[in-house]
Amino acid sequence: MSQTITRGYKALLDEANAKIKTLPAAEAMAMHGRDDVVFVDLRDPRELEREGRVPGAVHCPRGMLEFWIDPESPYHKPVFAQDKTFVFFCAAGWRSALSTATAQDMGLQPVAHVEGGFTAWKNAGGPVEPGAPTKA
């Protein structure tokens, strides 16, 4: 028997985008470097190594987001307990839209994501530093 998917990724993205704040790359770039803003890179380590990084961004693998945000989790990261604005991004904006909706649903605020992700950031001339090689 084959699976019947009743809500595909497009529906999930539409639902997320309807309730979250989306920043064009230029607007996100204007926020970069501010003390009251944390950029959160959701890409996997291979993407960071291959494509580079936004300087100063916190790397949070997408699969750990909920655990790092929740202070009750044994995996909680103090960065997510700060009174700051959190700007999520991935490669193209899909994972970050879903992540922003999840973070918002969990109570993290204020949150937003970069429309078009790291690709849009680079294309808009945002600062990028080389990615460090991942450990084997």
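The name an unreviewed UniProt entry assigns to the protein chain is Rhodanese-like domain-containing protein, from the organism Microvirga mediterraneensis.

Now for helix α5 (residues 94–106). In this model, α5 (13 residues) spans 19 Å end to end at C-alpha, consistent with the 18 Å of a helix rising 1.5 Å per residue. Taken residue by residue, α5 has S96, A97, S99, T100, A101 and A103 as its buried positions. The elements touched by buried residues of α5 are α1 (9–19), α4 (65–69), β4 (85–89) and β5 (111–114). Looking one or two residues beyond α5, the residue adopting positive phi is G107, at roughly 110°.

Attention shifts here to the packing of α1 against α5. The geometry of α1 relative to α5 is characterised by a closest axis approach of 9 Å and an angle of 55° between their N-to-C directions. The angle between α1 and α5 falls in the class oblique. Relative to α5, α1 is oriented so that their crossing is left-handed. When α1 is examined against α5, the residues Y9, L12, L13, A16, N17 and K19 are found in contact with a partner set consisting of W94, A97, L98, A101, Q104 and D105. Taken together, the residues of the contact of α1 with α5 break down into 8 nonpolar, 2 polar and 2 charged.

Moving on: the nonpolar core. Within the largest apolar cluster, 15 residues are counted, with the highest numbers of intra-cluster contacts made by V40, L65, F80, F86, F88 and L108. Within the residue set of this core, elements represented by two or more residues are β2 (37–41), α4 and β4. In terms of residue count, α4 provides more of this core than any other element does, 3 residues in total. Discounting residues that sit within four places of it in the chain, L65 has contacts with L42, C60, F80, F88 and S99.

Rules and cut-offs
Residues numbered from 1 in each chain as written. Predicted model: local features only at pLDDT ≥ 70, side-chain atom pairs only at ≥ 80, totals over all residues. Heavy atoms only, no water. Helix = DSSP H or I, 4+ residues; strand = E, 2+ residues; numbered from the N terminus. Expected span 1.5 Å × (residues − 1). Buried < 20%, exposed > 50% of the residue type's maximum accessible area, 1.4 Å probe, protein only. Contact = heavy atoms within 4.5 Å. Axes fitted to C-alpha atoms, helices over the stretch in contact; angles between N-to-C directions. Parallel < 35°, antiparallel > 145°, perpendicular 65-115°, else oblique. Left-handed = near helix turned anticlockwise from the far one by under 90°. Nonpolar A, V, L, I, M, F, W, Y, C, P; charged D, E, K, R; others polar. Core = buried A, V, L, I, M, F, W, Y, C linked by side-chain atoms within 4.5 Å.

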